[in-house]
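Fold and contact review
Listed below, chain by chain, are the residues.
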Amino acid sequence: MPIENFDVIYKENRCVIKDIEKVVSKLESILGEKNVSTRDIDKIAYSKDTTLITLNWALQGKLAGVPDIITWPETAEQISQILKLANEEKIPVTPFAEGSGVVGGAIPIFGGIIVDMKKFNKVLEIKDKDLTVTVQAGINGMNLERYLNSKGYTCGHIPQSIYTSSVGGYIAHRAAGQFSTKYGKIEDIVLGMEIVLPQGDIINFKTIARASTGPQFDKFFIGGEGTLGIVTQATLKIWPYPEKRALISYAFPTMEDSLDATREILRNQIYPAVIRIYDKEETKRHFEDTKNAKGKVMVVFVCEGISKLVDLEEEITREVCEKNSGVDCGEHPVEHWFETRFRVKETSMFPPYKIVADTIEVACMWDKAAELYHKVKEATKSIYGNLLISAHISHFYPNGVGYYFTFGGVPPKNKSDFEFYKECWNATIKAVEELGGSFGHHHGVGINRSHWMPIEWGNSFETLKSIKKMLDPNNILNPGKIYESIWKEEGGGN
Ligand SMILES: Cc1cc2nc3c(=O)[nH]c(=O)nc-3n(C[C@H](O)[C@H](O)[C@H](O)COP(=O)(O)OP(=O)(O)OC[C@H]3O[C@@H](n4cnc5c(N)ncnc54)[C@H](O)[C@@H]3O)c2cc1C
């Protein structure tokens, strides 16, 4: 079926390329013929990311957003030329890495040109003394980690999507891996970057352990979601592969007990690489065969590093858990987590049954951590059609936590999938904002959350928008995300 016959969800703001043949021919002269496509099959492939509602749409034969031209550059200079051409012709450009984003960041809602980063896939240099690796930004996370492991290192950035995501995508969405309590989030890991700015200038932030040379401008681009520039190269921290791992699990009577225990562990300056609290629903779903966890809240820990330190961390972690009514559940639940940690079938099983589901990660300070859990559950449960709302906490700081909620339900007859989906999203974010939390912990803003930006950022949002305008006066790079809203009628107001 020709692409024109597909129903497209985000079509209102589509650009019109006046002379597409001329643009394609210019792109071919920059990239070579084989690196430019206008074929329908490619347009379909780049019409969605992994936002769950787009899977519901795909099963109904609908596309989220359709690009006009797909490109596969291999050098920063080529990207620079694409962006210069796009500025001349006023054509939107959407960077696309592996499409594992879950907030619509890579969906080309304005059409235009896709810049696929998959050819930026090389490890350039490991420096053992400095503990750094320099890579091209399109490199797949698992390919990088396996390469590092083979040389005796780890990057410590292990998101659940590691098989299907890239370093550039992590930087764009301010990602966080499962081992982040020890190794940090991507903004702690990136030491240097090469970026192509929206108008085509190529800038470099040199690799340095720390500097006091003006504002931390490099960090400003982390979280840019492809709107402030295209990251082509990055230097990341690495670590010697851990000598020992301790696998620990405890079950607690309530969410509050588990929060108290984990908070105390961090106050003692013990940073297990992994801490995960599962509420009672998720404990039942994931650890059904663990007798000591029946009707309880499971917490799994992984301490890793050199043996002596791991032993001490394990001892203190156990002491604090037991003091806070924790019951030892042994190594098995953690082994089970290791075995299943990259399995992602759970949520994608829902759409074929016409269930609308998604996950929403948010953050808050410790003083609101228990209240936020109950408020979000209440808010989502009150939506007619909701069947499921559960949570785990997988990111911890001495000052607060990152929650990960999963919701699912069947839209009532008077509501479309999309209306129901937006209602669930907005109810969660409203509850979080009312408690002073943050609407996104590590998945970014994309389409799903941009209408809440004025509330999340307050009056500093105008300053952010001015900087975007200065860097990208023609609004070429990834329009419709972060600074403007396609969902504007629904929530935070824009
Ligand atoms: C099952 C599953 C599990 C997940 N688990 C985690 C997790 O544990 N932790 C986590 O943080 N996230 C997780 N995610 C979300 C997702 O993997 C991340 O957001 C990831 O960072 C996206 O990377 P990507 O390479 O697929 O980027 P894409 O989805 O292709 O793009 C994401 C955004 O980045 C922009 N972009 C891509 N490359 C560049 C570049 N080089 N320069 C500038 N902009 C660019 C795009 O325009 C888009 O806005 C998960 C997703 C799924 C589906």
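The text that follows walks through the structure, step by step, so that each part is easy to find. If you're wondering where the values come from, they're calculated on a predicted model, not measured in any experiment. (Residues numbered from 1 in each chain as written. Predicted model: local features only at pLDDT ≥ 70, side-chain atom pairs only at ≥ 80, totals over all residues. Heavy atoms only, no water.)

Re the sheet that holds strand S6 (residues 113–116)
A sheet is described by the order of its strands in space; here four strands give the open sequence S2-S4-S6-S5, paired in mixed fashion. Two strands bound the open sheet, and with one partner strand each, they are strand S2 (36–37) and strand S5 (93–96). As paired elements, S2 and strand S4 (residues 69–71) share two bridges and run antiparallel to each other. Bridge pairing links Ser-37 to Ile-70 in S4. Sitting on the sheet, helix H1 (residues 20–31) touches S2, S4 and S6, and the angle it makes with S4 is about 5°. (Pairing = 2+ DSSP bridges. Helix = DSSP H or I, 4+ residues; strand = E, 2+ residues; numbered from the N terminus. Contact = heavy atoms within 4.5 Å. Axes fitted to C-alpha atoms, helices over the stretch in contact; angles between N-to-C directions.)

Considering the site of the ligand
Around the ligand there are 34 residues in total, and Pro-95, Ser-100, Ser-161, Ser-166 and Ala-176 lie nearest to it. One of the backbone nitrogen or oxygen atoms of His-442 is found 3.4 Å away from an oxygen atom of the ligand. Broken down by secondary-structure element, the contributors of at least two residues to the shell around the ligand are S5, helix H6 (167–173) and strand S12 (230–237). Top element by residues in the shell around the ligand is H6. It accounts for five residues. (Near = heavy atom within 4 Å. Polar contact = N/O pair within 3.5 Å; in protein donor to acceptor, adjacent residues only side chain to side chain.)

What to know about helix H4 (residues 76–89)
Over its 14 residues, H4 extends 20 Å from the first C-alpha to the last, a length consistent with the 20 Å expected when each residue adds 1.5 Å. Within the span of H4, buried status applies to Ala-76, Gln-78, Ile-79, Ser-80, Ile-82, Leu-83, Leu-85, Ala-86 and Asn-87. Directly beyond the C-terminal end of H4, a positive phi value near 55° is found at Lys-90. (Expected span 1.5 Å × (residues − 1). Buried < 20%, exposed > 50% of the residue type's maximum accessible area, 1.4 Å probe, protein only.)

A closer look at a nonpolar patch on the surface
On the surface, a cluster of nonpolar side chains totalling about 280 Å² of accessible area is made up of Ile-306, Leu-309 and Leu-312. Along the chain, Ile-306 turns up in the loop between strand S16 (297–305) and helix H12 (307–323). (Patch = residues over 30% accessible without salt bridge, like charges linked within 9 Å, V, L, I, M, F, W, Y side chains within 5 Å. Areas by Shrake-Rupley, 256 points an atom, 1.4 Å probe, with all protein chains shown as cover. Salt bridge = Lys/Arg side-chain N within 4 Å of Asp/Glu carboxyl O.)

Regarding the packing of helix H10 (residues 255–267) against helix H15 (residues 369–381)
Close contact between H10 and H15 brings their axes to 10 Å; oriented N to C, the two are set at 145°. Between H10 and H15 lies a crossing of right-handed hand. Mapping the contact onto sequence places Met-255, Glu-256 and Leu-259 in H10 and Ala-369, Ala-370, Tyr-373 and His-374 in H15. Across the contact of H10 with H15, the residue classes break down as five nonpolar, one polar and one charged. (Left-handed = near helix turned anticlockwise from the far one by under 90°. Nonpolar A, V, L, I, M, F, W, Y, C, P; charged D, E, K, R; others polar.)

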